[in-house]
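Tertiary structure, described
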Amino acid sequence: MGFSINPLSGLRARTRLLLAFTILSVSAMILALVGWQGLNNTDRALNIFEQQALPDISRSLELAERTANLAAIAPYVTSAGTPYMLEGLSQTLKTKIEKVLSLAQSIPQLDAAAPNLQNLLQRLDITVNELIELTRQHLFLREDLREYEYRLRSLVDEAERFDSANNSEISESMTRMVEILITASHIQSADSLASTRQRFAGLLESLKNSATSRSDRWYDELYSVAVMPGNLFDLRLKQLSLEQRSAFLLASTRAISEQLSGEVQHFVDQIQSRISHESQRVGAAVSSGKTGILLISFLCIAAALGGVWMVRELVMNLASVTLVMSRLAEGDTHQQTPATERSDEIGDLARAFQVFRENAVQIDRISHDLQEQSHLLETVFTNINDGLSVFDRGGRLLAWNPQYLLILELPKDSLQKGMSIEEVHGLLSKEAQESWALDGMALDKDEVNQMRRQQPQHFERHFANGRVVEFRSSPMPDGGFVTLYSDLTERKTVEAQLRQSQKMEVLGQLTGGVAHDFNNLLAAMYGNLQLLESSLYDAPKPLKYARRALASAERGKNLTQRLLAFSRKQHLTPEPTEVDQLIEGMLDLIEYSVGAAIKIKLDLAAGDWLVDVDPGQLENVLLNLTINSSAAMPEGGTLTFCTRQCRGIELNGGITDAVHIEVADTGCGISEAHLRRVFEPFFTTKEIGQGSGLGLSMVYGFVKQSEGDIRVQSKQGQGTTIGIYLRRKTEQVCLPAAEPVTEFSYGQNRCVLMVEDDNQVRDAGQEVLEKLQYRVVAVASVDEALQQLNQRNDIDIVFTDINLGTAVNGLHLAEKIEKDWPQIPVLMTSGLSVQHLSDQYGLKETDIVLAKPYRLEELAMALDKAFKSHTDEGRTRL
Amino acid sequence: MSRIKRGTMAACRLLTVMLVVAASTHTVADNALSIGISVSDLGNPYFIQIARGAESQAKQLVGDKTEVVVVSSAYDVKRQVEQIEGFVNQGMDMILLSAASYDGVEAAVLKARQAGVKVLAVDVNAKGADATVTTDNTQAGRIACEYMVEQLGGQGRVVIINGPNVSSVQERVAGCTAVLAQHPDIQLLSSDLNGGGGREGGLESMTYLLTQFEHIDGVFTINDPSALGAQDAAHFAGRNDFIIVSVDGAPGAEQQLRDSDSLIRATAAQFPNYMAAKAVETGYRLMQGETLEQTTILIPAELITRETVDHYQGW
């Protein structure tokens, strides 16, 4: 929409509007003025009209009405019944005539318009007055006639009375005469009156002639009524003439009335013409006013149009800017802003709007980002594994996430914003409330809560059910603090397990090291003792001593082996195991663990039933139980091992045969409350630091891993019995029989290169080998061995210890030999376990290792084996 | 009419009277009792009865030697005054007067009395008269209107056709309005239309009223001629929705009462004969020099209705 450049484009909107308003209001004022003027004129004209014409109109109307009324009533006069009424009527008429006369006089123009009016009125007045007078006379005459009538009637009555008294008939003629007279008093025409008069005169004469005593009087009476002056006939005649004159006067009245109305009509006509003239004048004034108004109205319209035109452009631009703004309000930010180039207020508005819009868009974007972030944060907040809580500086709960509730075991939906930290504590389960500990040290929670507000706090809470929750609390800048809660239970478990395994490893290493050294010692002892034994065959007592010593050494060997087994990592390598045998085998260890105060009883009835377990683990387990039982009997007691064969019991959902192992003690027992939790990791009744609490959990773990089951029965004060069910291994696997002592070959003077760093052991070994008729070249290190191998070529076999105290060990040597002197077999020996050797030293499975300490026979056999396998190997290789 | 003419007329009249009187002077001197009676309207049978009654009483008193002259004033004061003066000049013993106006004739009355003539007012009061004999007009108006109210059931629209401004008429109207005022459901539409005491006037007034009021239940007229005139008007106008009660008991009204189609239902009957007789007697006594116990004698009216008309004796 292109707005053409208009001459006013440079003006500000305000100026334009003012201009428009001014023009409009000025034209309105002019209009009003003109209107006012017109109305004034009209008013004036109307006033003139009112003052002059209206009175004239009213007067003429009145005049017309009065004269009409007068004309109407005037004839009425003759019908007045009594003089009294006549009087009233005449009064009325007189008044009316007076009024009309005075009215006529009050109209100045009347003489000009109706010159005859006054005249006529006066004539009317005279006529009416005469009429009134006549009527009065008429009435009186009527009364007079009535008087005569009365007299006549009385006469008749008298005559009748006379007749009845005197029996005469005079009355008849009397009556006749009276009737004639009475009729005469109502005769309408003068002629018939005259004739009647004559007739009567005749009758009267006849009466006179028929004289009676009475008739004189009657005659006199009749005479006076009918003949004397003022007689009945005269009166009637008079009446008739009066009536005639009345008729004339009435006609006169009517004529005058008509003329009067004619005159009045003239007058009224004149009034009318004057009035129409006046109204024309008024009309002229009005129409001039109207014209003026019309003219000015056109001017006003023109001005209005001009104003509208002026304002329209403004309004349109304003509208378009408003539109853009509204669109922005709805969210549409891509509208083009119009009118930005204008130099007036609208231009300012448009430009300002543009800026505003940019800001709005930005804000929108920011807000959107903020929302996303906030949403993200919220999601994070809600979904992190850890619990989170925010308290304000007054200790009131501001925010929390679902995990907070879970971790602290708070009832669902129990939290509300604004709750104090004390209230939240109140919601925790009773056990949770009371167990505050920081790394083993009990804490005062109030103190802690106080501290939380000021400094970061990091502590753990140990729950009575074994859970551990880590609190990491940081103060916020505004005075509150935010806390993360991590359920450390698992971690702790893992940590503890790690620690335990680390301990174990260290222990293992330690024991490995110790055992190794010990083995060496034993080997030396063993070797020498064996030599001693063999050389004492003919001295029984020293032989006995030597044998005892040898037995002890044997036991020592077993013990170290046990230890080594114990120190092995907990890798389960199940193998068919006879439980009874196993228990009997570890009896010494058990005895060792429990001390002297506790008596050990064995009740083994598992027989030859096998179970598929890692024997080392099983030993571990039993040892664990032993230690526990021992701890429960500080004053001493009885520890019983009991095994049974169980057929067809329910185990882990199936029916199977199982071996039942029971370890029972007569210790202090376990309380009901703790009974439930004995297998929980870290659960221990021992003092902090006394035990890891992991033992039974490991037992439990082992049993479950081996597809068995474990039960605990205990009575406090009486003792505890732990029962383990292990599934019976049904496959008949032949146990590899313990290698009986077989025949072995003697050395046949073969040369053995013996590598052993321990002097005692080396010496003893050398002696034993020589006893076995081997030639021995004994060296103490790999270097020496290699030297020998390089120098000599008569070495048949190398017999080396693995752990030689140097970085280069027996294995390396064996490799070297295999490489450089492949024809020479290698027999290795070590005090360390095979496990250890394979893990730490990279012992291969095919390698043969003789365990220290070894018997003479064992050594011989091992050498045989080494020779044999080497030959086989050579054969295959070839 | 010019005064000269009037004066001449009056003179003529006087002359006539004098001549009449002169014609019978000889009888006057010989008569024991001469009475001059001036009534209001000899067209009204009522006044004729008064005259007749007076005459008969006079005859009773002194036999045949009486002279009774009867004239009518036509309710015109001037005429009546002339008549009184004429009577005095004639040497009447007493004058019976139904005055055209209560105090309009006072001067003449007093003059007459000064001349030794006994003046008795009949039918209406006259100021200065020796004695007055009238109907108890208030009672007459009252009983007539009581009857009318009763017939209307105590409610309705009523008009009164008034008459000449004489005491009898005034009293009758007063008696009637008093009764009407006691009944709040009775609405008095008009009471000042003057029927002049005559039939024509009654017709005129009734016509006016019929035009003015669409619904009229009852009409009280001050005398029977007016009542007859009112009935005429009703007949001509075709209106028969009201009843008419009146005062007089004249033969015309009596006849109407017997007619079942008539609107006239009741009339408070006067006793003109008796009234006049009483007046004459009283005058005679006065002439004998007696003094009267009371100078005003009221004769009660008797209500005659359609039901009781048969018992009415009439005038």
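Since the structure is predicted, the reported quantities are computational estimates derived from the model, not experimental observations.

This brings us to the pairing of strand S16 (residues 775-779) of chain A. All names here are of chain A. The pairing of strand S15 (residues 751-755) with S16 spans five bridges and is parallel. Along S16, the bridge assignment pairs Met-754 with Ala-778. A crossover links S15 with its parallel partner S16, the connecting element being helix H21 (residues 759-771), and its sense is right-handed.

Let us look at unusual backbone geometry. Phi is positive for Asn-749 of chain A, close to 65°, though the residue is something other than glycine. Note that Asn-749 of chain A resides in the loop between strand S14 (719-729) and S15. Notably, Asp-248 of chain B is not glycine yet its phi reads approximately 145°, a positive angle. Topologically, Asp-248 of chain B is positioned in strand S9 (residues 243-248).

Residue and element names in this part refer to chain B. Across chain B, the average pLDDT comes to 88, with 91% of residues at or above 70. Of the regions scoring below 50 in pLDDT, residues 22-28 engages in eight contacts with residues more than four places distant in sequence or in other chains. Here the prediction assigns the complex a pTM of 0.48, and the interface score ipTM is 0.80.

Now for the sheet that holds strand S2 (residues 397-400) of chain A. Residue and element names in this part refer to chain A. If you walk across this open sheet you meet the five strands as S2-S1-S7-S6-S5, and the pairing is antiparallel. Strands at the two margins of the open sheet, each flanked by one partner only, are S2 and strand S5 (457-462). Averaged over all adjacent pairs, the angle separating strand axes in this sheet is 20°, with direction ignored. Taken together, the three bridges between strand S1 (residues 387-391) and S2 define a ladder with antiparallel strand orientation. Of the residues in S2, the one forming a bridge with Ser-389 is Trp-400.

The next subject is the sheet that holds strand S4 (residues 118-122) of chain B. Through backbone hydrogen bonds, the strands of a sheet pair up, either in parallel or in antiparallel fashion. Residue and element names in this part refer to chain B. Pairing within the open sheet is parallel, and its six strands lie in the order S2-S1-S3-S4-S5-S11. If you trace the sheet from one side to the other, it starts and ends with strand S2 (66-72) and strand S11 (296-299), each paired once. Each strand axis lies, on average, 15° off the axis of its neighbour in the sheet, ignoring direction. Direction of pairing for strand S1 (residues 33-39) relative to S2: parallel, over a ladder of seven bridges. Following the sheet pairing, Gly-36 is matched in S2 by Val-69.

Let's shift gears to the packing of helix H4 (residues 117-166) of chain A against helix H5 (residues 170-184) of chain A. Residues and elements named next belong to chain A. It is the contact of H4 with H5, at a shortest axis distance of 9 Å, that shows an interaxial angle of 170°. In terms of orientation, H4 and H5 fall into the roughly antiparallel class. Where H4 approaches H5, its residues Glu-149, Leu-152, Leu-155, Val-156, Ala-159, Glu-160, Phe-162 and Asp-163 are matched on the opposing element by Ile-170, Ser-171, Met-174, Thr-175, Val-178, Leu-181 and Ile-182. The class makeup of the residues in the contact of H4 with H5 is 10 nonpolar, two polar and three charged.

Looking now at the nonpolar core. Counting 130 residues, the largest nonpolar core has Ala-54, Leu-96, Leu-120 and Ala-144 of chain B as the members making the most contacts within it. Per element, the largest residue contribution to this core is 11 residues, and it comes from H4 of chain A. Summarising the domain contributions, this core has at least three residues from each of domain 1 (3-134 + 272-299) and domain 2 (137-270 + 305-311) of chain B. Core analysis: the second largest hydrophobic core is formed by 46 residues, Tyr-526, Val-768, Val-779 and Val-826 of chain A among them.

Conventions adopted
- Residues numbered from 1 in each chain as written.
- Chains lettered and ligands numbered in written order.
- Predicted model: local features only at pLDDT ≥ 70, side-chain atom pairs only at ≥ 80, totals over all residues.
- Pairing = 2+ DSSP bridges.
- Helix = DSSP H or I, 4+ residues; strand = E, 2+ residues; numbered from the N terminus.
- Right-handed = clockwise from strand over helix to strand, strands pointing away.
- pLDDT = per-residue confidence, 0-100.
- Contact = placed C-beta atoms within 7 Å.
- Axes fitted to C-alpha atoms, helices over the stretch in contact; angles between N-to-C directions.
- Parallel < 35°, antiparallel > 145°, perpendicular 65-115°, else oblique.
- Nonpolar A, V, L, I, M, F, W, Y, C, P; charged D, E, K, R; others polar.
- Core = buried A, V, L, I, M, F, W, Y, C linked by C-beta atoms within 7 Å.
- Buried ≥ 20, exposed ≤ 12 C-beta atoms within 10 Å, placed from the backbone.
- Domains from an automatic or database assignment.

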